[in-house]
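Analysis of the macromolecular model
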Amino acid sequence: MRLCSRRAFSGGSEIVGEIWAFSENVELLHELLSGAEELSKKLGASSAAVLVGDGVREVAEELGRYGADKVYVVDDPAFSAFSPEAYAEAIAQLAKQFEPSAILVGATKRGKELAPRLAARLDAGCATDCVRLEIDEGGRLVVTRWALGGNIAAEEVFLKKPWVATIPLRVFEKRVFEEKKCEVVESKVSVEKPKAVVVESKKKEAGAPLELARVIVSAGAGVKNREDLKMLEELAQLLDGQVGCSRPLSADYGWFPEWIGLSGKKVKPDAYIACGISGQIQHIAGMRDSKVVIAINSDPNAPIFKVCDYGVVGDLYQVVPALIELLKKRKK
Amino acid sequence: MRIVVCAKVALDVSQIKVDASTQTPVLSGAPLKVSDFDKNAIEEAIRIREALGGEVFSVTVGRPESKAIREILAMGVDAAYVVSDQSLKEMDALVTSKVLAAAIKEMGSFDLVLCGESSIDGFTSQVGPRLAELLGIPQLTYARKVSVEGNEVVVERALEEEVEVVKAPLPALVTVTREVNVPRIPTIMDIMKASKKPITQWSLSDLGISPEELKPAVAVEKLQAPKIERKGVILEGLKPEEAAEAIVEALLKEGILRG
Ligand SMILES: Cc1cc2nc3c(=O)[nH]c(=O)nc-3n(C[C@H](O)[C@H](O)[C@H](O)COP(=O)(O)OP(=O)(O)OC[C@H]3O[C@@H](n4cnc5c(N)ncnc54)[C@H](O)[C@@H]3O)c2cc1C
Ligand SMILES: Nc1ncnc2c1ncn2[C@@H]1O[C@H](COP(=O)(O)O)[C@@H](O)[C@H]1O
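Residues numbered from 1 in each chain as written. Chains lettered and ligands numbered in written order. Predicted model: local features only at pLDDT ≥ 70, side-chain atom pairs only at ≥ 80, totals over all residues. Heavy atoms only, no water.

1. Considering the overall build of chain B
Using the following cut-off: Starting at the N terminus, helices and strands are each numbered in turn, a helix being any DSSP run of H or I of at least four residues and a strand any DSSP run of E of at least two. In what follows, a contact means two residues having at least one pair of non-hydrogen atoms within 4.5 Å. A 1.4 Å probe and the Shrake-Rupley method give the accessible areas. Residues count as covered only by the protein chains that appear here.
For chain B, the helix and strand inventory stands at six helices and 15 strands. Taking the principal axes of the C-alpha coordinates as reference, chain B spans close to 70 × 40 × 40 Å. Restricting to contacts in chain B with at least 6 residues of sequence separation, those with at least 24 account for 71%. By element, 52% of the accessible surface of chain B is carried by carbon and sulfur atoms, the whole surface being about 11600 Å².

2. Comments concerning the sheet that holds strand β14 (residues 218-224) of chain B
Definition in use: When DSSP finds two or more bridges between two strands, those strands count as paired. Axes here refer to lines fitted to C-alpha atoms; in helices the fit is confined to the stretch in contact. Angles between the N-to-C directions go from 0 to 180 degrees.
If you trace the four strands from one edge of the open sheet to the other, you get β6(A)-β7(A)-β8(A)-β14(B), paired in antiparallel fashion. Of all strands in the sheet, those bounded by a partner on one side alone are β6 (132-135) of chain A together with β14 of chain B. In this sheet, neighbouring strand axes are inclined to one another by 25 degrees on average, regardless of whether the strands run parallel or antiparallel. Where β6 of chain A meets strand β7 (residues 141-147) of chain A, four bridges bridge the pair, whose relative direction is antiparallel. The partner of I135 of chain A across the bridge, within β7 of chain A, is L141 of chain A.

3. Things to note about the environment of E55 of chain B
Residues and elements named next belong to chain B. Within the secondary structure, E55 is located in strand β6 (residues 55-61). Between the C-alpha atoms of E55 and A143, which are 88 residues apart in sequence, the distance is 21 Å. When neighbours within four sequence positions are excluded, E55 is seen to be in contact with M1, R2, I3, R49 and D78.

4. Here we look at the interface of chain A and chain B
Put simply, the test is: Here the quantity called buried area is the accessible surface, traced with a 1.4 Å probe, that two parts lose on coming together, added over both. Salt bridge, as used here, is a side-chain nitrogen of Lys or Arg placed within 4 Å of a carboxyl oxygen of Asp or Glu. Side-chain atoms alone can form a polar contact between residues adjacent in sequence; in general such a contact is a pair of N or O atoms within 3.5 Å, and within protein one must be able to donate a hydrogen while the other accepts it. Basically, the charged four are Asp, Glu, Lys and Arg, the nonpolar ten are Ala, Val, Leu, Ile, Met, Phe, Trp, Tyr, Cys and Pro, and anything else, Gly included, counts as polar.
Across the contact, 83 residues belong to chain A and 80 residues belong to chain B. Between chain A and chain B lies a buried interface of about 7100 Å² when both sides are counted; carbon and sulfur atoms form 58% of it. In terms of surface lost to chain B, no three residues of chain A exceed K109, L148 and Y310 of chain A, which account for 10% of the buried area on that side. Summed over the shared surface of chain A and chain B, the result is twelve salt bridges. In this structure, the connection of chain A to chain B is made through 45 residue pairs in polar contact (both at pLDDT 80 or more). Among the elements that take part in the side of chain A that touches chain B, helix α3 (residues 109-121) of chain A stands out by supplying nine residues, more than any other. Tallied by class, residues from the side of chain A that touches chain B come to 44 nonpolar, eleven polar and 28 charged.

5. Topic: the pattern of salt bridges
Where we set the bar: Classification of residues uses two cut-offs on accessible area relative to the type maximum, computed with a 1.4 Å probe and protein chains only: under 20% is buried, over 50% is exposed, and between them is partly exposed.
This model, assessed by the stated rule, comprises 48 salt bridges over all chains. One salt bridge in this structure joins E155 of chain A and K222 of chain B, with 3.9 Å as the shortest N-O distance. On the criterion of chain membership, the pair formed by E155 of chain A in strand β8 (residues 152-158) and K222 of chain B in strand β14 is interchain, its members lying in two chains. Note on K222 of chain B: relative accessible area 41%, which makes it partly exposed.

6. Observations regarding the site of ligand 2
Residue and element names in this part refer to chain B. Just so we agree on the cut-off: For each residue, the test is whether any non-hydrogen atom lies within 4 Å of the molecule or strand; if one does, the residue is near. Every definition here rests on a 1 Å grid over the protein atoms only: cavities are sets of points where a 1.4 Å probe fits but cannot get out, pockets are open sets enclosed by protein on both sides within 12 Å along at least five of seven lines, and lining residues have some atom within 4 Å of a point. More than half of a molecule's atoms within 2 Å of the grid points is what it takes for that molecule to sit in a cavity or pocket.
With respect to spatial proximity, 18 residues lie near ligand 2, and among them C6, D38, V61, S119 and T124 are the closest. One nitrogen or oxygen atom from the side chain of T124 is found 2.7 Å from an oxygen atom belonging to ligand 2. In isolation ligand 2 exposes 480 Å². Once the protein is present, 97% of that is buried. In this structure the site holding ligand 2 corresponds to the second largest pocket.

7. Let's talk about the layout of surface pockets
Residue and element names in this part refer to chain B. Just so we agree on the cut-off: Grid points are joined across faces, edges and corners, and a volume is the space filled by probe spheres set on the points.
Taken as a whole, the second largest pocket holds about 1400 Å³ of empty space. Lining the second largest pocket are 50 residues, with K8, R63, M91, D121 and G122 sitting closest to its centre. Tallied by class, the residues present in the lining of the second largest pocket amount to 24 nonpolar, 14 polar and twelve charged.

8. As for the packing of helix α7 (residues 316-331) of chain A against helix α6 (residues 240-253) of chain B
How two helices sit against one another is set out by the angle between their axes and by the gap between those axes. Note the cut-off: Working rule for angles: under 35 degrees goes down as roughly parallel, over 145 as roughly antiparallel, 65 to 115 as roughly perpendicular, anything else as oblique. Handedness of a crossing follows from how the near helix is turned relative to the far one, being left-handed for an anticlockwise turn of less than a right angle and right-handed for a clockwise one.
The contact between α7 of chain A and α6 of chain B brings their axes to 8 Å, and the two run at 55 degrees. If you check the angle between α7 of chain A and α6 of chain B, you find them oblique. Note that α7 of chain A runs across α6 of chain B; the crossing there is right-handed. Of the residues in α6 of chain B, those in contact with Q318, V319, A322, L323, L326, L327 and R330 of chain A of α7 of chain A are P240, E241, A243, A244, E245, I247, V248 and L252 of chain B. Residues of the contact of α7 of chain A with α6 of chain B, tallied by class, amount to eleven nonpolar, one polar and three charged.

9. Observations concerning unusual backbone geometry
With an omega dihedral of -5 degrees, the bond running from K161 of chain A to P162 of chain A counts as a cis peptide bond. A cis amide bond links L170 of chain B with the next residue in sequence, P171 of chain B, at an omega value of -5 degrees. Mapping P171 of chain B onto the fold places it in the loop between β11 (162-169) and β12 (172-176). Located in the positive-phi region is D123 of chain A, a residue other than glycine, with phi close to 55 degrees. Along the chain, the position of D123 of chain A falls in the loop between α3 and β5 (125-127). What makes D123 of chain A partly exposed here is its relative accessible area of 31%.

All quantities given are derived from atomic positions and should not be read as evidence of function.
The structure is reproduced here in structure tokens:
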């Protein structure tokens, strides 16, 4: 996505605060810096990355390559573990000192619990999961996000600074600025010891990133047993795709590490094949941008049939095996 | 244990109609209900009370919708607090959390504040963390398991790449996901009992805040339903083999499969 300004805006003589980017997810930080660079140009400001952690100083210089004019570094063993309490306090201290116009935060779960706490500390507004950012005639940030269950696009305008916004993956495109150098500002901040502490952390089994799949065969609660997923995996394989799922299969049954939808991943494959998914708006919010949507569902009144290109009313336990047979025959 | 649950009476988003000519949602008269995850928060609060004793209070900012508040009480909440005010029209998460913080302070001491992961209509996931900051307490978000052990709350939470167990001393704020429990459905008895439970109504002046302190920082400018442009070819009454043929044909036509 590109940022677009409704009209060229120049900041006039007044100095416009910087556009900051923070994310503990490096990939997302790089994307946000690209967005910060573009947004800062529109405002006549500069862009900056904020790095908080233990041993983060050494990666500061390389952020120029992704668009940062400046990098604020808080490098201290006190920040070795992510803590919304401590990180919000640290970034708020920097913000009070340097007065940025905006703080863009990566919309991971950690980012989404940090940003509002930070905003509250700064008495600032915050917009969650923004998919589009623009500067209006008045030089204010206007964002678009999905509201009301995920089926309505809401345009929201910031009435005061700083603007805090969380932004998911793939909203901005990462760019590389070969020659760009950035200024590194090392800051000392001292914060209270956080009260909430992590006592145990287990890595989830990592699946291939669904966001990159060309074809997604998606399983819903119409799939009765975990073993039945094999059938969908076989179908996905035949189509060079991957298997995804609706929320209950991941969150309730634990069959998948992640799900697709408003509260899960947003995907846009060339083909999305929904098997036994009813098509509640919260699910649609995650796959709306798919190029072609095919649905297999035994209930002719399932809402998925209102938002698909091709719908088959039928039992997935009969249709999917028949489809596998046919695809296998074609391969031969 | 004194537990406060923040329960929003939200727009029932599954029932919102879109005006076909303007592609804008019709919000006036849209039905309201207790926000889904807040029912999980209520259920969790009641389970903790059942295990450890104590009291559970709910607090709601916004529309004084008595049916929903009665439902909250029928689920087992001991007393409900509702803050509504003429001037509370344009509420962003900043305003909502300030009002909630003021109300919770007015309600007296507390050990635990429970919120939903997000509300069904606003879906900002902001109010919990903001409230924790305003109350000066730790936050444990996205909890799918909650337990109170001595003077600590312990939470299991699933992030993108890991599952964490986090603990904090009380008082603390926890936001829960849908997976934490299955909310109970009140019985007729529960509903009858609920009619005798107290509901306290507050205005902003009861909480000692003036509308000037509650200026939103973000305003909604426009709501628009995206145009859904799907072909909508629905095939009914086909044999499985015929359905498979039709799907393959569609995949070929759309260039997903090559002929
Ligand atoms: C705030 C909020 C956020 C949410 N976020 C998400 C999210 O991110 N992602 C998400 O997916 N959900 C989300 N949900 C849940 C969502 O509302 C639905 O409950 C969920 O999507 C339902 O999943 P499903 O379609 O798999 O299951 P169901 O709704 O139970 O549908 C199962 C379908 O399978 C069909 N079926 C049954 N047997 C067969 C068969 N043999 N052959 C063919 N079809 C069959 C049935 O007809 C039915 O339509 C959220 C809910 C809330 C309130
Ligand atoms: N108006 C409200 N009244 C009471 N609690 C609320 C209100 N708005 C939000 N909350 C709480 O904050 C959570 C997150 O809401 P939101 O930030 O809107 O996604 C909800 O699940 C509720 O627990």
